[in-house]
Amino acid sequence: LSRAREARSSSASGLDAAVRALAAMGKIRPIMIKGHERALTMIKYNRDGDLIFSCSKDHVPSVWYSENGERIGTYHGHCGTVWCLDVNWDSTKLLSGSADNCCKLWEVQSGECLHTWKHTAPVRCVGFAMGDKRFLTVLDNIMGNVPTIYVWELELNNLANHPDCPLLTILGHTGKIGRALWGPLNEAIYSVSDDSTLRMWDPDSGEEKHVMEGVHTKKITDLQLSYDKTLLCTSCTDQFVRLFETKTLRLLYAFNSERPLNSAAISPLPHCPYLIAGGGQDAMSVTTTAAQQGKFETLFFDHAFGEELGCIGGHFGPVNTLAFAPHGRSYASGGEDGYIRIHHLDQEYFEAYEKKVTESGILAADKA
């Protein structure tokens, strides 16, 4: 009995330290950006972490300085909701996919549209392959189309003669594909769908290499890889955020958030083994619900100790998209309220995990 009490005390003291760190973070005034007229759909950091790219239902992707939230420019050309975007390795090119049935390639610095690939339905997701020689697009399952992943060849130096037909067509999902990503070294493509499955594909043959069925019980809303691409996380409307091993798709952790989730992200820092997740009540019901009741906070989970740490609020509607900066010192969230919130994390945040490990080690030594 005494050992059990000590174990509970150890866990509680470590958790309290983390919660205190998150409480301290709550005192930091976030940078609030109101540059979009409608709900945010996606936020993306570039590889260096100094730029944030955002898109929303207002048709105009934007780019911002991540340090202070200053807007650098916008990309005009879409005539429908922009669902997704991706920036290449050296931050010179930007891909965007829209409900106007087009995928566009942009010059990041000038905002010039370099090429447009027309589809037969809205483009739900886009992504550069490592090396910028290929990219993928995801087709929505409306207007008689089936959910499809297309793999395209990309010749940045020969866009005028670029073929307008994909290299590969990948079929298999039975519901709308919410997100598709290139895996490490372009050896696989990962996708999630409203059919509640997580699938791994061969990007050369289109063959399905692995499928995770029965783990998620409702539609999967987001899929993100860790910075080193060894882990991936999913958010789901069944209220769970899940962490998987990338190579085998082995489920490592599942955390109950007690709210429908729209997005989740993994901290890139090894000494901060945290997940963040956000969502909240359905957007259709937001006007009838207070922010506290709607559960619009961003939640933090420790996937090393398997604990929920705390939450950071601020949005007045559901959190639609989350992204960690590659350096791990900040994160950004985009909401149904049209705001982007950039949080630069406090020093206590970075020390909380080490304190927890130290306290656990001391108690273990005392027991021995």
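Figured I'd write up the structure that's included with this text. Every value quoted in this text rests on a predicted model; they were computed, and no experiment measured them.

1. A short note on the overall build of the protein chain
Alright, step 1. For the protein chain, the helix and strand inventory stands at three helices and 28 strands.
Alright, step 2. When contacts within the protein chain are restricted to residue pairs at least 6 apart in sequence, those whose partners lie at least 24 apart make up 46%.
Alright, step 3. Element-wise, carbon and sulfur atoms account for 50% of the exposed surface of the protein chain, whose accessible area totals about 15900 Å².

2. Comments concerning the layout of surface pockets
Alright, step 1. The calculated volume of the largest pocket comes to roughly 1000 Å³.
Alright, step 2. In terms of lining residues, the largest pocket is bounded by 42 residues, among which K44, Y45, D86, L225 and K229 are the most central.
Alright, step 3. Put simply, the parts of the chain that give the lining of the largest pocket at least two residues each are strand 2 (40-45), strand 6 (82-87), strand 10 (123-128), strand 14 (177-182), strand 18 (220-225), strand 22 (261-266) and strand 26 (319-324).
Alright, step 4. For the lining of the largest pocket, the leading source of residues is strand 26, giving five residues.
Alright, step 5. Residues that form the lining of the largest pocket fall into these classes: 24 nonpolar, 10 polar and eight charged.
Alright, step 6. Empty space within the second largest pocket amounts to approximately 720 Å³.
Alright, step 7. W83, K219, T221, N262 and N320 are, among the 22 residues lining the second largest pocket, the residues nearest its centre.

3. A look at the packing of aromatic side chains
Alright, step 1. On inspection of all chains with the given rule, the structure shows 12 aromatic pairs.
Alright, step 2. Seen from their ring centres, F255 and F301 are 4.9 Å apart, and the 25 degrees between their planes marks the pair as stacked. Taken together, the residues span a long stretch of sequence, with F255 in strand 21 (residues 251-256) and F301 in strand 24 (residues 298-302) at a distance of 46 residues. In this structure, F255 and F301 share a single accessibility class: buried.

4. Quick notes on the side chain of T321
Alright, step 1. Along the chain, the position of T321 falls in strand 26.
Alright, step 2. For T321, the side chain forms a polar contact with the main-chain nitrogen of I43, separated by 3.1 Å.
Alright, step 3. Beyond its immediate sequence surroundings of up to four residues, T321 is in contact with L40, T41, M42, I43, S263, A332, S333 and G334.

5. Description of the pairing of strand 15 (residues 189-193)
Alright, step 1. With five of five residues buried, strand 15 is to be regarded as a mostly interior element.
Alright, step 2. What you see with strand 15 is no split at all: I189, S191 and S193 on one side and Y190 and V192 on the other are buried throughout.
Alright, step 3. Pairing analysis gives five bridges linking strand 14 to strand 15, with the strands arranged antiparallel. Each bridged residue has a counterpart across the sheet, and for R179 the counterpart in strand 15 is V192.
Alright, step 4. Hairpin connection from strand 14 to strand 15: six residues lie between these consecutive antiparallel strands, with L185 at a positive phi of about 55 degrees.
Alright, step 5. One ladder, built from four bridges, connects strand 15 with strand 16 (residues 198-201); its direction is antiparallel. Looking across to strand 16, one finds that V192 is bridged to L198.
Alright, step 6. In this structure, the hairpin formed by strand 15 and strand 16 is closed by a connection of four residues, where S196 is found at a positive phi of approximately 65 degrees.

6. Observations regarding the sheet that holds strand 1 (residues 31-33)
Alright, step 1. Strand order in this open sheet of four strands is 1-28-27-26, and the pairing throughout is antiparallel. Only two strands of the sheet have a single neighbouring strand rather than two, namely strand 1 and strand 26. Direction aside, neighbouring strands of the sheet carry axes that sit 15 degrees apart on average.
Alright, step 2. Of the strand pairs in this sheet, strand 26 and strand 27 (residues 330-335) are connected by five bridges, and their pairing is antiparallel. Across the sheet, residue T321 finds its bridge partner in strand 27, namely G334.

7. Topic: the sheet that holds strand 11 (residues 134-139)
Alright, step 1. Spatial strand order, 10-11-12-13: four strands in an open sheet with antiparallel pairing. Strand pairing shows two members of the sheet lacking a second neighbour, strand 10 and strand 13 (168-171), which therefore form its edges. On average, adjacent strands in this sheet sit at an angle of 20 degrees to one another, irrespective of strand direction.
Alright, step 2. The pairing of strand 12 (residues 148-153) with strand 13 spans four bridges and is antiparallel. Residue pairing across strands places I149 opposite I170, the latter belonging to strand 13.

8. Side note on the environment of F135
Alright, step 1. Summarising the element assignment, F135 is placed in strand 11.
Alright, step 2. Judged by its relative accessible area of 0%, F135 is buried.
Alright, step 3. Each C-alpha atom of the pair F135 and L181 lies 9.8 Å from the other, and the pair is 46 residues apart in sequence.
Alright, step 4. If we ignore the near neighbours within four places in the chain, the residues touching F135 are L95, C103, W117, G127, F128, A129, Y150, V151, W152, E153, L154 and W182.

9. Examining empty space enclosed by the protein
Alright, step 1. Under the criterion given, the structure shown has one cavity of 30 Å³ or more.
Alright, step 2. If you add up the space inside the largest cavity, you get close to 30 Å³.
Alright, step 3. Contributing to the lining of the largest cavity are F296, E297, T298, I312, G313, G314, H315, Y331, S333, R341 and H343.
Alright, step 4. For the lining of the largest cavity, the secondary-structure elements that each account for two or more residues are strand 27 and strand 28 (340-344).
Alright, step 5. Among the residues making up the lining of the largest cavity, the classes are represented as three nonpolar, six polar and two charged.

What counts, and at which threshold
Residues numbered from 1 in each chain as written. Predicted model: local features only at pLDDT ≥ 70, side-chain atom pairs only at ≥ 80, totals over all residues. Heavy atoms only, no water. Helix = DSSP H or I, 4+ residues; strand = E, 2+ residues; numbered from the N terminus. Contact = heavy atoms within 4.5 Å. Areas by Shrake-Rupley, 256 points an atom, 1.4 Å probe, with all protein chains shown as cover. 1 Å grid on protein atoms, 1.4 Å probe; cavity = no way out; pocket = protein on both sides within 12 Å on 5 of 7 lines; lining within 4 Å. Points joined across faces, edges and corners; volume = space filled by probe spheres on them. Nonpolar A, V, L, I, M, F, W, Y, C, P; charged D, E, K, R; others polar. Phe/Tyr/Trp six-rings, centres within 6.5 Å; stacked < 30°, edge-to-face > 60°. Buried < 20%, exposed > 50% of the residue type's maximum accessible area, 1.4 Å probe, protein only. Polar contact = N/O pair within 3.5 Å; in protein donor to acceptor, adjacent residues only side chain to side chain. Pairing = 2+ DSSP bridges. Axes fitted to C-alpha atoms, helices over the stretch in contact; angles between N-to-C directions.

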